[in-house]
Amino acid sequence: MAATPVRLLNGLPNFLARLWFCAVKIRSARRRPKSEFPDRETIMDFEFDPRDDAFRQEVRAFVRDNLPADIARRGLTNYHTDKADTRAWTAILHGRGWSAPSWPVQFGGTGWTLMQQFIFDQECFAAGAPLLETGGLKMIGPVIYTFGSKEQHERFNVPFLRGEISWGQGFSEPNAGSDLAGLTTAAVRDGDHYVVNGRKLWTSGAQWANWLFCLVKTDPKERQRGISMILIKADAPGVTIRPIIDLGEGHHLNEMFFDNVRVPAENLVGEEGKGWTYAKFLLENERAFSAEVPRNKRNLALLRRIAADRKYRGRPFAEDPAFAARIEQLQSDLDSLEWMTLRALTAKSSGDLSLPVGSILKVRGTELQQKIGEMQVEALGEYGAIVYPHDQHVNGADDALGPDYAPGVLADFLYRRAVTIYGGSNEIQRTILAKQYLGL
């Protein structure tokens, strides 16, 4: 049967990932001198540089000695991180100078290489450390120190690094999700202020936010060129934040309403009409992060634990040939994703931006999250149908039904149905790949 265009697009990220992984030299790994292998043009050595191995041991020791046990216990489940835990852990890292792993030294960051950042994320997540303030440190923070004013940077830099401020991302709207350029939230200039009216949807963590970074229309006659980025205080008059309760009965998402909100003009990020450029800069970081290799590795390890403990027809799932084969396929996919991520880090470090790496990693990483989650719930059986309240997890209650690994699995599985949508839907990412790589 001939492949249809839709089928070709669906398989495109996997094809590109394997092609790129196999055909391009892995410079991130150490390459032995050519003289050692005179009959071979290139030898790939997949061992880490000894300096990176030493850095991994340094991070692992610090996390082991400084991560509070109760925070680690909560972090090893897949519930959304409690904001208090995030701020406590950020303060601990700030004391070591590690609270902004991806930031340049001149802005208070670590100055680490991309490989060191990757290793740091792996070690922290494996130990159960909370995710750092994603909206601030990974999203709006780099936008501010790259495009924002000196005053904005001076105002927010220290709170960013200390974990004293939380951010909500105001991008998506009811009729402008994947087609973000179609947003209608308006910001009209009125003297020294902008007056903002509109509605935003699916804002993660807005209930904790001190500030919001929003895309708004400053020129309704234009699409991309009419979009600006503006910073809005979450408690400003006219801002209303309402919870969205998800299928797992958790509260992480919100909708936001802006009713004649007056925002000082100095809160405009960069130039008016350049918001689309800043959003692309931000979203490329978000999509690369969406590969979530550390999360996928920890979830696959949890799947193996569940499969070894839970039984199907009298024997563990892990001993069922069909189920075991599916696990090993996930392992193969994860190995490919990890090495593709390492290759992407190397390419970015050397300035090679010839391939839309963020889109590839986003598609492969998010779909792998969903596949692992599906098998976790399948292996849990009847315990996969129980809703374990998040407050039980936070407060440390020990009266949960079933095995200790069950809480959080169903909630994470249900929430991760959205990973192929947020940050730019995977269908849109496939279109980007088709246009930029294949010229379709």
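Above this note sits the structure.
Residues numbered from 1 in each chain as written. Predicted model: local features only at pLDDT ≥ 70, side-chain atom pairs only at ≥ 80, totals over all residues. Heavy atoms only, no water.

Further remarks concern the overall build of the chain. Scanning the chain for helices and strands turns up 14 helices and nine strands. Here the chain holds 440 residues, and the buried ones make up 50% of them. Counted over contacts in the chain with a minimum sequence separation of 6, partners at least 24 positions apart contribute 74%. (Helix = DSSP H or I, 4+ residues; strand = E, 2+ residues; numbered from the N terminus. Buried < 20%, exposed > 50% of the residue type's maximum accessible area, 1.4 Å probe, protein only. Contact = heavy atoms within 4.5 Å.)

As a further point, take the nonpolar core. W89, I140, F160, W167, F171 and L231 are the most contacted members of the largest nonpolar core, which totals 83 residues. By residue number, the principal contributor to this core is helix α10 (residues 321-349), which donates 10 residues. Those residues in contact with F171 that sit more than four places away from it in its chain are A176, L180, K200, F213, L215, M229, A279, L282 and L283. Grouped together as the second largest cluster of nonpolar side chains are 19 residues, A187, I230, V261 and V263 included. (Core = buried A, V, L, I, M, F, W, Y, C linked by side-chain atoms within 4.5 Å.)

This brings us to unusual backbone geometry. The phi dihedral of E292 falls on the positive side, at around 45°, and the residue is not glycine. Looking at where E292 falls in the secondary structure, it is placed in the loop between α8 (275-289) and α9 (293-309). On the basis of relative accessible area, E292 is assigned to the buried category, the value being 11%. Positive phi, normally seen in glycine, also occurs at R313, with a value near 55°. Counting through the fold element by element, R313 comes out in the loop between β8 (311-312) and β9 (315-316).

This brings us to the pairing of strand β5 (residues 227-233). In terms of burial, β5 is a largely internal element, six of the seven residues being buried. Taken together, the seven bridges between strand β4 (residues 211-217) and β5 define a ladder with antiparallel strand orientation. Residue pairing for β5: F213 is matched across the bridge by L231. (Pairing = 2+ DSSP bridges.)

What follows concerns helix α5 (residues 114-127). Its 14 residues give α5 an end-to-end C-alpha distance of 20 Å, which sits within 8% of 20 Å, the value for a rise of 1.5 Å per residue. Burial of α5 is extensive: 10 of the 14 residues sit out of reach of the surface. Burial in α5 covers these residues: M115, Q116, Q117, F118, I119, F120, Q122, E123, C124 and F125. The inward-facing, buried residues of α5 abut α2 (50-66), α4 (83-96), α9 and α10. (Expected span 1.5 Å × (residues − 1).)

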